[in-house]
Amino acid sequence: EVGSLDLYPNELVVTTSWWTTAAALPSVPNESIVYLLQEDERMFYSFGEGRLRCEEVLSNRSIRFVINTRLLFDHLIASGLENIRSRGQWFEPSFPPALFHKRKRKSEEKRRLFFYARPNNPRNLFGTGLRLLERAINEGILDLGHWDIYLVGNSIPNVVLGSGYLPKREEGLDWQAYADLIGTIDLGVSLMYTPHPSYPPLDLAASGAVVVTNKFANKQSLAGYSHNIICADLQMDAMLAALKAGIDLAEDEQTRDQNYRTNGLGKDWAAAFEPVFQSLASTR
């Protein structure tokens, strides 16, 4: 027994944030902690107490780390967290085809654009995305006669684009409803102002859509996941050019479908985690 926890020999404690890790450190043998890290959590904070405490946990040389994506793993090491090189490993997420696949649509329907809308999550750049869509509409790049826009997320305010266009809002979707929706999407716009690719671009590509997202640090291309994902610098002209390229690709059914069939996204979570499990078992 350690603290108030009953631990068995070789038992592991998995934590999923710096604050749950910090809570476990005083009462769990540090070598028994596996920190599942899915973002550079320092970026949640301005420079102050929160960021300092977060970095203290991320710099811990006793616990082990399992990092969501090679991109994030490489970024963390490059940012100075050398302990993660020796105490961490990465995995790539998977997208089971039973959930993530293209859905049939009526041929006469308008094309669909998905915008990942989370105004209360600053790193998703809600305002930047809306400005991008507004400019694309006003400059005739995005023709609302042929496209419907879906704002998908939470806490979405009333939004009017162009000359009075009201996008469709989808909030609080469960997993099945979310997958059913993205399986009907032609083009996604999903921004993430951090090194991690985030899940919506990968979800959309796994479901047959083209996606426009942004570059950040070592996140310069996501073509290894899918050639249907277009990354652009976070500068409005560059993002607008990427959106135009995304529209062209979404409307090029042959190339888009070829990219979809040959994407590099994993499909099996058991296979994705098997190397992680083997490594953790061998280092107990």
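Note that the structure is a prediction, hence the values are computed from the model and not measured. (Residues numbered from 1 in each chain as written. Predicted model: local features only at pLDDT ≥ 70, side-chain atom pairs only at ≥ 80, totals over all residues. Heavy atoms only, no water.)

**A few points about the overall build of the protein chain**
- Looking only at helices and strands, the protein chain features ten helices and ten strands.
- Computed over its C-alpha atoms, the radius of gyration of the protein chain comes to 21 Å, within 12% of the 19 Å expected for a compact globule of 284 residues.
- When its C-alpha atoms are laid out on the principal axes, the protein chain stretches across 65 × 40 × 30 Å.
- Expressed as a percentage of the 284 residues in the protein chain, the buried residues total 49%.
- Across the protein chain, the fraction of contacts at a sequence separation of at least 24, relative to all contacts at a separation of at least 6, is 62%.
- Accessible surface, the protein chain: about 13,500 Å² in total, of which carbon and sulfur atoms supply 51%.
- Seen as two clouds, the 29 positive and the 34 negative side-chain charges of the protein chain have centres 3 Å apart. (Helix = DSSP H or I, 4+ residues; strand = E, 2+ residues; numbered from the N terminus. Rg over C-alpha atoms; globule rule 2.2 N^0.38 Å. Buried < 20%, exposed > 50% of the residue type's maximum accessible area, 1.4 Å probe, protein only. Contact = heavy atoms within 4.5 Å. Areas by Shrake-Rupley, 256 points an atom, 1.4 Å probe, with all protein chains shown as cover. Lys, Arg positive; Asp, Glu negative; His and termini not counted. Charge placed at Lys NZ, Arg CZ, Asp CG, Glu CD.)

**A short note on the sheet that holds strand 7 (residues 168–171)**
- Pairing is parallel in the open sheet, where six strands are placed in the order 7-6-5-8-9-10. Either end of the sheet is taken by a strand with one partner, and the two such strands are strand 7 and strand 10 (229–232). Averaged over all pairs of adjacent strands, the angle between strand axes in this sheet comes to 20 degrees, irrespective of strand direction.
- Direction of pairing for strand 9 (residues 210–214) relative to strand 10: parallel, over a ladder of four bridges. Looking across to strand 10, one finds that Val212 is bridged to Ile230. (Pairing = 2+ DSSP bridges. Axes fitted to C-alpha atoms, helices over the stretch in contact; angles between N-to-C directions.)

**Remarks on the side chain of Asp148**
- Among the structural elements, Asp148 can be located in strand 6 (residues 147–153).
- For Asp148, the side chain forms a polar contact with the side chain of Lys110, separated by 3.1 Å.
- A distance of 3.5 Å separates the side chain of Asp148 from the side chain of Tyr165, its partner in a polar contact.
- Dropping the residues within four chain positions of it, Asp148 is found in contact with Lys110, Arg111, Arg112, Leu113, Tyr165 and Lys168. (Polar contact = N/O pair within 3.5 Å; in protein donor to acceptor, adjacent residues only side chain to side chain.)

**What about the sheet that holds strand 4 (residues 88–91)?**
- Spatially, four strands are ordered 1-2-3-4 in an open sheet, and the strand pairing comes out parallel. Edge positions in the sheet fall to strand 1 (13–15) and strand 4, since each has one partner strand and no second. Between one strand and the next, the sheet's axes are offset by a mean angle of 25 degrees, whatever the strand orientation.
- Alignment of strand 1 against strand 2 (residues 33–37), held across three bridges, turns out to be parallel. From the neighbouring strand, Thr15 faces strand 2, where its bridge partner is Tyr35.

**Some words on the nonpolar core**
- Ranked by internal contacts, the top residues of the largest apolar core, which has 33 residues, are Leu113, Phe115, Leu133, Leu142, Ile149, Leu187 and Leu243.
- Of all the elements in the fold, those that place two or more residues in this core are strand 5 (111–117), helix 5 (126–138), strand 6, strand 8 (187–189), strand 9, strand 10 and helix 8 (236–251).
- Tallying contributions element by element places helix 8 first for this core, with seven residues.
- If you look at the next biggest cluster of nonpolar residues, it comprises 22 residues, including Leu71, Val152, Tyr178 and Ile185. (Core = buried A, V, L, I, M, F, W, Y, C linked by side-chain atoms within 4.5 Å.)

**Here we look at the pattern of salt bridges**
- Scanning the model with the defined rule gives 16 salt bridges in all.
- A salt bridge links Arg112 to Glu109; its shortest N-O distance comes to 3.6 Å.
- The exposure class of Arg112 is buried, given its relative accessible area of 17%.
- The exposure class of Glu109 is partly exposed, given its relative accessible area of 30%.
- Across the salt bridge formed by Glu253 and Arg111, the nearest N and O atoms sit 3.1 Å from each other. On the criterion of sequence distance, the pair formed by Glu253 in helix 9 (residues 253–261) and Arg111 in strand 5 is long-range, its members being 142 residues apart. (Salt bridge = Lys/Arg side-chain N within 4 Å of Asp/Glu carboxyl O.)

**Points about helix 5**
- Its 13 residues place the ends of helix 5 18 Å apart at the C-alpha level, agreeing with the 18 Å of an ideal helix rising 1.5 Å per residue.
- Those residues of helix 5 hidden inside the fold are in contact with strand 5, strand 6, strand 8 and helix 8. (Expected span 1.5 Å × (residues − 1).)

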